[in-house]
Amino acid sequence: MAIAIKGIEKRFADAPVLRGIDLTIADGELVALLGASGSGKTTLLRILAGLEWPQAGSVTVDGRDWLALEAQRRRVGFVFQHYALFQHMSVRDNVAFGLTVRPRASRPPKGEIRARVEALLDLVEIGHLANRFPAQLSGGQRQRVALARALAIEPKVLLLDEPFGALDARIRKDLRRWLRELHDRLGMTTIFVTHDQDEAFELADRVVIMSDGRIEQAGTPDEIYDHPASPFVARFLGGVNELPAELAAGRLVVPGADAGAVTPPAGTDGTATLFVRPHEIDLVADSRAPARIRNMLTSGPSIRYDVDLPGLATPVEVELPREAARLRNLRRGDAVRLRLLRGRVFSAHGAPLPPAAPSPERHRILEAAL
Amino acid sequence: MTAAALRIGLRSRRVLPGFGLTMGTTLTYVALVVLLPLAALLLKSAEIGPDGFLRLVTGERALAAFQVTLTAAAFATAFNAAYGLLMAWVLVRYEFAGKRILDALMDIPFALPTAVAGVALTALYAANGWFGQLFEMAGLKIVYTVTGVALAMAFTSAPFVVRTVQPVLESLQPDIEEASATLGAYPGVIFRRVIYPVIFPAHLTGCALAFARSLGEFGAVIFIAGNLPFKTEIVSLLVFIRLEEYDYAAASAIAVVLLATAFAVLLATNALQALAQRHARKG
Ligand SMILES: Nc1ncnc2c1ncn2[C@@H]1O[C@H](COP(=O)(O)OP(=O)(O)OP(=O)(O)O)[C@@H](O)[C@H]1O
Ligand SMILES: [Mg+2]
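Residues numbered from 1 in each chain as written. Chains lettered and ligands numbered in written order. Predicted model: local features only at pLDDT ≥ 70, side-chain atom pairs only at ≥ 80, totals over all residues. Heavy atoms only, no water.

Peer 1: Is there a simple way to think about the UniProt feature "domain: ABC transporter" (unreviewed entry) in chain A in this case?
Peer 2: The positions UniProt marks with the feature "domain: ABC transporter" (unreviewed entry) are residues 3-237 of chain A. Here residues 3-237 of chain A is 37% helix and 26% strand, with 26 Å between the C-alpha atoms at its ends. (UniProt positions renumbered as here; feature names shortened; annotations may be inferred. Helix = DSSP H or I, 4+ residues; strand = E, 2+ residues; numbered from the N terminus.)

Peer 1: Mind showing me how you'd approach the UniProt feature "domain: ABC transmembrane type-1" (unreviewed entry) in chain B here?
Peer 2: Under the present numbering, the feature "domain: ABC transmembrane type-1" (unreviewed entry) in UniProt falls on residues 66-269 of chain B. What you have in residues 66-269 of chain B is 80% helix and 0% strand, and the ends, taken at the C-alpha atoms, are 21 Å apart.

Peer 1: Sorry, what's going on with helix α10 (residues 174-182) of chain B here?
Peer 2: Within an α-helix, residues lying three or four positions from one another point in the same direction, as the helix has 3.6 residues per turn. All names here are of chain B. With 8 of 9 residues buried, α10 lies mostly within the body of the structure. For α10, the complete set of buried residues consists of D175, I176, E177, E178, A179, S180, A181 and T182. Of the residues trailing α10, G184 is marked for its positive phi of about 100°. (Buried < 20%, exposed > 50% of the residue type's maximum accessible area, 1.4 Å probe, protein only.)

Peer 1: Please explain empty space enclosed by the protein as it appears in this structure.
Peer 2: Space left empty within the atom packing is revealed by a probe, the size of a water molecule, rolled over the atoms. All names here are of chain A. The full count for this structure, using the stated rule, is 1 cavity of 30 Å³ or more. In this structure, the largest cavity spans a volume of roughly 40 Å³. Surrounding the largest cavity, Q143, L147, L160, P163, F164, L175, W178 and L179 form its lining. Elements with a contribution of two residues or more to the lining of the largest cavity: α5 (139-151) and α6 (169-186). It is α6 that provides the largest number of residues to the lining of the largest cavity, a total of 3 residues. Of the residues that constitute the lining of the largest cavity, the class distribution is 7 nonpolar, 1 polar and no charged. (1 Å grid on protein atoms, 1.4 Å probe; cavity = no way out; pocket = protein on both sides within 12 Å on 5 of 7 lines; lining within 4 Å. Points joined across faces, edges and corners; volume = space filled by probe spheres on them. Nonpolar A, V, L, I, M, F, W, Y, C, P; charged D, E, K, R; others polar.)

Peer 1: For this particular structure, what's the right way to read the pairing of strand β4 (residues 56-61) of chain A?
Peer 2: All names here are of chain A. With 5 bridges connecting them, strand β1 (residues 3-12) and β4 associate as antiparallel partners. Looking at β4, one finds that K6 is bridged to S58. When β4 meets strand β5 (residues 64-65), the two strands line up antiparallel, connected through 2 bridges. Residue V61 lies in a different strand from β5, and its bridge partner there is R64. Adjacent in sequence and paired antiparallel, β4 and β5 are bridged by 2 residues, among which D62 carries a positive phi angle near 50°. (Pairing = 2+ DSSP bridges.)

Peer 1: Could you clarify how one ought to interpret the confidence of the model for chain B in this entry?
Peer 2: Low-pLDDT portions of the prediction should not be read for the details of their coordinates. Residues and elements named next belong to chain B. When pLDDT is averaged across chain B, the result is 86; 92% of the residues are at 70 or more. Looking at the elements of chain B, mean pLDDT is at its lowest for helix α1 (residues 3-13), recorded as 49, and at its highest for helix α4 (residues 60-93), recorded as 94. In the predicted structure, residues 1-10 sits below a pLDDT of 50 and forms 4 contacts with residues beyond four places in sequence or in another chain. Interface confidence in the predicted complex, given as ipTM, is 0.80; pTM for the same model is 0.80. (pLDDT = per-residue confidence, 0-100. Contact = heavy atoms within 4.5 Å.)

Peer 1: For this particular structure, what's the right way to read helix α3 (residues 91-100) of chain A?
Peer 2: α3 of chain A sits mainly inside the fold: 8 of its 10 residues count as buried. All of the buried residues in α3 of chain A are V91, R92, N94, V95, A96, F97, G98 and L99 of chain A. Against α4 (110-123) and α5 of chain A together with α10 and α11 (187-216) of chain B lie the buried residues of α3 of chain A.

Peer 1: Can you walk me through the domain arrangement of chain A in this structure?
Peer 2: Interfaces are often sized by the amount of accessible area the parts lose when they come together. Residue and element names in this part refer to chain A. The domain boundaries assigned to chain A delineate domain 1 (3-230) and domain 2 (239-369). Taking only C-alpha atoms into account, the centre of domain 1 sits 41 Å from that of domain 2. Contact residues are listed per partner, giving 6 residues for domain 1 and 7 residues for domain 2. Between domain 1 and domain 2 lies a buried interface of about 590 Å² when both sides are counted; carbon and sulfur atoms form 54% of it. Taken as a group, Y225, H227 and P228 account for 60% of the area that domain 1 buries against domain 2, more than any other trio of residues on that side. (Domains from an automatic or database assignment. Buried area = accessible area lost by both parts, 1.4 Å probe.)

Peer 1: How do you make sense of unusual backbone geometry when you look at a structure like this?
Peer 2: Backbone phi values are negative for most residues with the exception of glycine, while trans is the configuration of most peptide bonds. Residue and element names in this part refer to chain B. One non-glycine residue with positive phi stands out, namely Y144, at about 65°. With respect to the helices and strands, Y144 occurs in the loop between α8 (130-137) and α9 (146-171). Residue Y144 is classed as partly exposed on the basis of its relative accessible area of 43%.

Peer 1: Is there a simple way to explain the pattern of salt bridges in this structure?
Peer 2: One side chain can pair with another of opposite charge once the charged atoms of both are near each other. Scanning the model with the defined rule gives 37 salt bridges over all chains in all. The closest approach of N and O atoms between E177 of chain B and R93 of chain B, which form a salt bridge, is 2.8 Å. Note that E177 of chain B is positioned in helix α10 and R93 of chain B in helix α4, a separation of 84 residues in sequence. Using a relative accessible area of 16% as the deciding quantity, one classes E177 of chain B as buried. Through salt bridges with shared partners, a single network forms among R172, R176, D196, E199 and E202 of chain A. (Salt bridge = Lys/Arg side-chain N within 4 Å of Asp/Glu carboxyl O.)

Peer 1: Help me out: how do you make sense of the interface of chain B and chain A in this one?
Peer 2: Chain B puts 21 residues into the contact, and the matching count from chain A is 27 residues. Across the chain B/chain A interface, buried area totals approximately 2000 Å², and carbon plus sulfur atoms make up 63% of it. Of all residues in chain B, T182, L183 and R193 of chain B give up the largest surface area on contact with chain A, accounting jointly for 35% of the area buried on that side. Put simply, E178 of chain B and R46 of chain A hold a salt bridge, and the shortest N to O gap is 2.7 Å. Summed over the shared surface of chain B and chain A, the result is 5 residue pairs in polar contact (both at pLDDT 80 or more). Every element with two or more residues in the side of chain B that touches chain A is listed here: α10, α11 and α14 (248-281) of chain B. If one sorts the elements of the side of chain B that touches chain A by residue count, α10 of chain B sits on top with 7 residues. Along the lines of polarity and charge, the residues of the side of chain B that touches chain A split into 12 nonpolar, 5 polar and 4 charged. (Polar contact = N/O pair within 3.5 Å; in protein donor to acceptor, adjacent residues only side chain to side chain.)

Peer 1: What is the right way to look at the packing of α4 of chain B against α11 of chain B in this model?
Peer 2: In a pair of packed helices, the angle between the axes and the distance between the axes together describe the arrangement. Residue and element names in this part refer to chain B. Where α4 meets α11, the axes come as close as 9 Å, and the angle between the chain directions of the two elements is 135°. Relative to α11, the element α4 is oriented oblique. Like other packed secondary-structure pairs, α4 and α11 cross with a definite hand, here right-handed. Together, T69, L70, A73, A74, A76, T77, A81, L85, W89 and R93 of α4 and F191, I195, Y196, I199, H203, C207, A210, F211, S214 and L215 of α11 make up the contact between the two elements. For the contact of α4 with α11, the residue count by class is 15 nonpolar, 4 polar and 1 charged. (Axes fitted to C-alpha atoms, helices over the stretch in contact; angles between N-to-C directions. Parallel < 35°, antiparallel > 145°, perpendicular 65-115°, else oblique. Left-handed = near helix turned anticlockwise from the far one by under 90°.)

Peer 1: Help me understand the packing of aromatic side chains in this model?
Peer 2: Two measures describe an aromatic ring pair: the distance that separates the ring centres and the angle between the ring planes. As enumerated under the stated definition, the model contains 12 aromatic pairs over all chains in all. Ring geometry for F78 of chain A against F80 of chain A: centres 4.5 Å apart, planes inclined by 40°, an arrangement best described as tilted. Classification of F80 of chain A as buried rests on a relative accessible area of 6%. Summarising the aromatic geometry, the rings of Y125 of chain B and F131 of chain B are spaced 5.4 Å apart at their centres and angled 70° between planes, so their arrangement reads as edge-to-face. Exposure remark for Y125 of chain B: the relative accessible area of 13% places this residue in the buried category. (Phe/Tyr/Trp six-rings, centres within 6.5 Å; stacked < 30°, edge-to-face > 60°.)

Peer 1: Explanation requested: the sheet that holds β5 of chain A in the structure shown.
Peer 2: As a general point, the strands of a sheet are linked pairwise by backbone hydrogen bonds and lie either parallel or antiparallel. All names here are of chain A. An order of β2-β1-β4-β5 is seen for the 4 strands of this open sheet, with the pairing classed as antiparallel. Strands with a single pairing partner mark the edges of an open sheet, and in this sheet they are β2 (15-25) and β5. Summarising the sheet, β1 and β2 pair through 8 bridges and their orientation is antiparallel. Bridge pairing in β2 places I3 opposite I25. Its contacts with the sheet put helix α1 (residues 41-49) on β1, β2 and β4, and the angle it makes with β1 is roughly 120°.

In structure tokens:
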């Protein structure tokens, strides 16, 4: 079901938690809500589920005003962060709950409920655990029970709050792939909350990055990675160098570095910040250059350099493929020039400037680098 | 349990040491404080022989006292089952002015000397008391009736239900109720199928304790009861009267039956709980 969220504002006792959320989600989309702790992800999810109501804004699902519906009538599958299983019921009864609580008129007959529960348990691959109680299950198994229970009501919208939060890294990876398949197979609209950037990027059609009650950016993983909309997003994605830069007469000047390959953004002159990832920088030995290699580290297929640039407190991180690094033949203490192949420029006030696009020169440099 | 079995239990399950010491202390305490007096009581009543015992406890006056006590205790417990649950619910679920005070008031029946409670209740519910007048107008007599006995019992045993249910209600995670709601369950169903099953064992315990306490309540009851033999005389008073008459045999025989009843109630409760929890904990 297509979901349209408009202007949602939510305060808890005057503390604003959501400050105007606008988001549309297409039917069948798998969307990840990504953001720091306390940014309002859970609150947004709870509003969609009907467990919380906003002070302002609207939620429309397939043209219907959802805020007028109570949780019971939204038919939303909600998977809680801590599973929220019924401890006094067997796995089977947990999963059957959503069917057995229906009013008699719309409740399926006993045999049918039983069959559907079996099918669901098989779907989440825990058919053999049907008679156990939640206390007797592992974290991953509980997660599956919670999911099966949510799926039992045949939701058109599935909401998951940090579904893999409590699981170890390997199981998370397996479950990720499995959840993606499940989503595709059942054709629901799915929204899940996560802290884990890899998880969001790997799993979702679209990633929504939230900060402090606002959406910083919503887009496909590629869009967000290649064109972060704000310094916040660029920083949030991590592993990025921030270089002070100057915009003058349409040219980008980065002290100590060669920024000729970065297309300077159109717009006002003045100070700006260039966000550049370690693998978007090339190093050229140059005895007159002010930058010095402080440290180098081999990490399998690539070499990482820490480069001291005068005027910068933290060293710039540079990553070269092993092959390119061998050709450069650089050592600790060598003077180098930084060649920036690509980057994103933001004006000093954080106002996003049109993102820098790759220029033809970049390709030349890339080719030269190898 | 043999020493070997104890040691295995110790090795395989306990995290904290000191099993031997704590178990020993507890057993000694139970033997001295609980079992010894009970044994003396049983011995005393055993002296009478089965026939005499039966005659003493099935005497007309004794039977009437049992009936009064059991009936009143049953009503008091039924009332507290509902009222105590409601009170615990209100104290756990809502925030309101004076909540702390109300919470503290819950313990008054425990803290108050029962005789004081008895006098106060009698004064309130006497035909010319504040509440008594109102009931009188409705044609209801409370003082010197079984209703009064039940009232006094209910007053002194109410905290048992409140205080056993309260912590369990508090420990309930709100997310299981929210999960139920998203699965389509409305409040009534949520209470019946999700909340009550969890608090049921505690509720049952509270009710059983309240009932057992009511059976033996003395101080609070005798003032309001009027103590008319065959009408409003409770068992513990009868025991007391027999003691006053130096009829130790009758006193201990009746006391033993009272004891057995209370014990049976607690035992049955434990059995019921074991049944209810059989799945929830282990498999
Ligand atoms: N019921 C509530 N009463 C008061 N404040 C609340 C309530 N629920 C959430 N908040 C506040 O709202 C803010 C956002 O909370 P929310 O749970 O939505 O964050 P989140 O993004 O899910 O964080 P996390 O990643 O840690 O789960 C937090 O500052 C939190 O303290
Ligand atoms: Mg959260």
